[in-house]
Amino acid sequence: MSSRRSRSRQSGASRISDDQIADLVSRLQQLIPEIRNRRSDKVSASKVLQETCNYIRSLHREVDDLSDRLSELLESTDSDSAQAAIIRSLLM
């Protein structure tokens, strides 16, 4: 057992079982398109976590890009128009 795990158990911190970890990794595996679309069901937990981080980063980039596009669209519309109000509400 690693020293980190034994310290956690000794400190009385909230404990999570190996089965719970396996279940959470399995849930993540179903949510991440890069993994979900693979033919093989056997993916290591570290790979699932790595792909999850990559996916979250890509979602952040997509949100930033969409926000930039909305900002550009807002700049090109009449600031008092209904369209501008909708765009402003999306940016908030």
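Bear in mind the structure is a predicted one, so any value in this text is a computation, not a measurement. (Residues numbered from 1 in each chain as written. Predicted model: local features only at pLDDT ≥ 70, side-chain atom pairs only at ≥ 80, totals over all residues. Heavy atoms only, no water.)

J.: Would you explain the overall build of the protein in this entry?
T.: Counting its regular elements, the protein contains five helices and zero strands. Scored against the burial criterion, the 92 residues of the protein give a buried share of 12%. Pairs at least 24 apart in sequence give 7% of the contacts found in the protein among residues at least 6 apart. Accessible surface, the protein: about 7700 Å² in total, of which carbon and sulfur atoms supply 50%. (Helix = DSSP H or I, 4+ residues; strand = E, 2+ residues; numbered from the N terminus. Buried < 20%, exposed > 50% of the residue type's maximum accessible area, 1.4 Å probe, protein only. Contact = heavy atoms within 4.5 Å. Areas by Shrake-Rupley, 256 points an atom, 1.4 Å probe, with all protein chains shown as cover.)

J.: Help me out: how do you make sense of the pattern of salt bridges in this one?
T.: When charged atoms on two side chains of opposite charge get close, those side chains can pair. Counted under the stated rule, the structure contains two salt bridges. The salt bridge involving Asp23 is made with Arg27; its shortest N-O contact spans 3.1 Å. Of this pair, Asp23 and Arg27 are both found in helix H2 (residues 18-31), four residues apart, which corresponds to roughly one turn of the helix. With a shortest N-O distance of 3.2 Å, Glu51 and Lys47 are connected by a salt bridge. In this pair, Glu51 and Lys47 both sit in helix H4 (residues 45-75), four residues apart, roughly one turn of the helix. For Glu51, a relative accessible area of 11% gives the class buried. (Salt bridge = Lys/Arg side-chain N within 4 Å of Asp/Glu carboxyl O.)

J.: Got a minute to help me understand a nonpolar patch on the surface in this structure?
T.: The grouping of Ile16, Ile21 and Leu24 at the surface amounts to a nonpolar patch, some 230 Å² of accessible area in total. In this structure, Leu24 sits in helix H2. (Patch = residues over 30% accessible without salt bridge, like charges linked within 9 Å, V, L, I, M, F, W, Y side chains within 5 Å.)

J.: Would you explain a negative patch on the surface in this entry?
T.: A cluster of acidic side chains, namely Glu62, Asp64, Asp65, Asp68, Glu72 and Glu75, defines a negative patch on the protein surface. Assignment of secondary structure puts Glu72 in helix H4. (Lys, Arg positive; Asp, Glu negative; His and termini not counted. Charge placed at Lys NZ, Arg CZ, Asp CG, Glu CD.)

J.: I keep staring at the side chain of Thr77 and nothing clicks. Help me out?
T.: Tracing the sequence through the fold places Thr77 in the loop between H4 and helix H5 (82-91). At a separation of 3.1 Å, a polar atom in the side chain of Thr77 contacts the main-chain carbonyl oxygen of Leu74. Ignoring anything within four residues of it in the chain, the contact list for Thr77 reads Gln83 and Ala84. (Polar contact = N/O pair within 3.5 Å; in protein donor to acceptor, adjacent residues only side chain to side chain.)

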